[in-house]
Amino acid sequence: MSEPTAPIGIIGGTGFGRIAELGDAQSIDVETEYGQPSCALRLGELAGTGVAFLARHGSPHRIAPHRVNYRANIAALKSVGVREILAINAVGGIAAWARAGALAIPDQLIDYTHGRLSSFSDHGERAVEHIDFSDPFDAPLRARLLTAANASGVTVHDGGCVAVTEGPRLETRAEIARLRRDGCDLVGMTSMPEAVLAREASLAYASIAVIANPAAGVAEDVIGIHEIELTLAATMQRVLQVIETFLMATCRPR
Ligand code: HPA
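Residues numbered from 1 in each chain as written. Predicted model: local features only at pLDDT ≥ 70, side-chain atom pairs only at ≥ 80, totals over all residues. Heavy atoms only, no water.

A. Representation of the packing of aromatic side chains. Applying the stated rule across the entire model yields three aromatic pairs. Considering the side-chain rings of Phe-16 and Phe-53, the 6.3 Å spacing of their centres and the 45° angle between planes classify their relative orientation as tilted. Of this pair, Phe-16 sits in the loop between β1 (8-12) and β2 (23-28) while Phe-53 sits in strand β4 (residues 49-55); the two residues are 37 residues apart in sequence, bridging distant segments of the chain. The class for Phe-16 is buried, based on a relative accessible area of 4%. Taking 6.3 Å as the distance between ring centres and 20° as the angle between the ring planes, the aromatic pair formed by Phe-137 and Tyr-205 counts as stacked. Here the residue Phe-137 occupies a position in the loop between β7 (108-111) and α2 (139-152), and Tyr-205 occupies one in strand β11 (residues 204-214), the gap between them amounting to 68 residues. Owing to a relative accessible area of 2%, Phe-137 belongs among the buried residues under this scheme. (Phe/Tyr/Trp six-rings, centres within 6.5 Å; stacked < 30°, edge-to-face > 60°. Helix = DSSP H or I, 4+ residues; strand = E, 2+ residues; numbered from the N terminus. Buried < 20%, exposed > 50% of the residue type's maximum accessible area, 1.4 Å probe, protein only.)

B. Quick look at helix α1 (residues 70-79). With eight of its ten residues buried, α1 lies for the most part within the structure. Those residues of α1 that sit buried are Tyr-70, Arg-71, Ala-72, Asn-73, Ile-74, Ala-75, Ala-76 and Leu-77. For α1, the secondary structure elements touched by its buried residues are β1, β3 (41-46), β4, β5 (84-93) and α4 (191-200). Residue Gly-81 follows α1 closely and has a positive phi angle near 95°. (Contact = heavy atoms within 4.5 Å.)

C. The environment of Cys-39, seen in detail. Looking at the secondary structure, you find Cys-39 in the loop between β2 and β3. Here Cys-39 falls in the buried class, since its relative accessible area comes to 16%. If near-sequence neighbours (up to four positions away) are discounted, Cys-39 is found in contact with Leu-54, Ala-55, Gly-58 and Ser-59.

D. The arrangement of the site of the ligand in detail. Around the ligand lies a shell formed by Ala-90, Val-91, Gly-92, Leu-170, Glu-171, Val-187, Gly-188, Met-189 and Asn-213. A distance of 3.4 Å separates a nitrogen atom of the ligand from a polar atom in the backbone of Ala-90. Its free accessible area being 260 Å², the ligand has 92% of it covered by the protein chains. Comparing atom positions with the cavity grids shows the ligand to sit within the largest pocket. Among the elements of the structure, β5 and β10 (186-188) are those that each provide at least two residues to the shell around the ligand. Looking at the shell around the ligand element by element, the count peaks at three residues for β5. Broken down by class, the residue content of the shell around the ligand amounts to five nonpolar, three polar and one charged. (Near = heavy atom within 4 Å. Polar contact = N/O pair within 3.5 Å; in protein donor to acceptor, adjacent residues only side chain to side chain. Areas by Shrake-Rupley, 256 points an atom, 1.4 Å probe, with all protein chains shown as cover. 1 Å grid on protein atoms, 1.4 Å probe; cavity = no way out; pocket = protein on both sides within 12 Å on 5 of 7 lines; lining within 4 Å. Sits in = over half its atoms within 2 Å of the grid points. Nonpolar A, V, L, I, M, F, W, Y, C, P; charged D, E, K, R; others polar.)

In structure tokens, the structure reads:
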């Protein structure tokens, strides 16, 4: 029997640990030369298209953003035939438009992480590649996601710059003030090195950013984890709607 494959990878973040609607899904344990991904891949069909789903933080959710094996995750998705990745990332909102519960398809990022393994070529196992990363999110994939959001009637902000912080703690007010001065609209912990590894692996990568809370100091109150969870739970149906409309337009069965 041939190995199961899927052209579209979905990486689910906090609040999006599974897709119940993934019909006929198989769990595939993949071992990569970079180690084990966060969990088994779930391969199935969603809206008529073959999809490989991966829960970034493991299933159940247990791997902190700085401990995720991003290289194994991207390598595992590539190994089952994935060519395009939709990443779902919970973020805090810095810009005025980035209110809790809103969605965005960001077009830029600034990487503030440190110490993460952020390249496939840092152990001498591959020739060093200085890839172009001017536009960290794939422009055609972003455009198709925006079209899908539009078609499904889900409001999504077009663009935005994500600050990617090391975590797992949230930021200080001063850090958010600095990120705002740097031009960041959103702050999250997982877009890097995920986006750059996808680029190194020649996979198209775009993010659906789910604004879970106002970032530190943006609202008066301290950030409540319970409120974050409630906001993410209330938003996920809209995220799924965008993804399903995107997949219907893509329609590549397994
Ligand atoms: N900061 C960083 N990452 C996040 C936040 C935040 O405020 N909310 C959700 N992910």
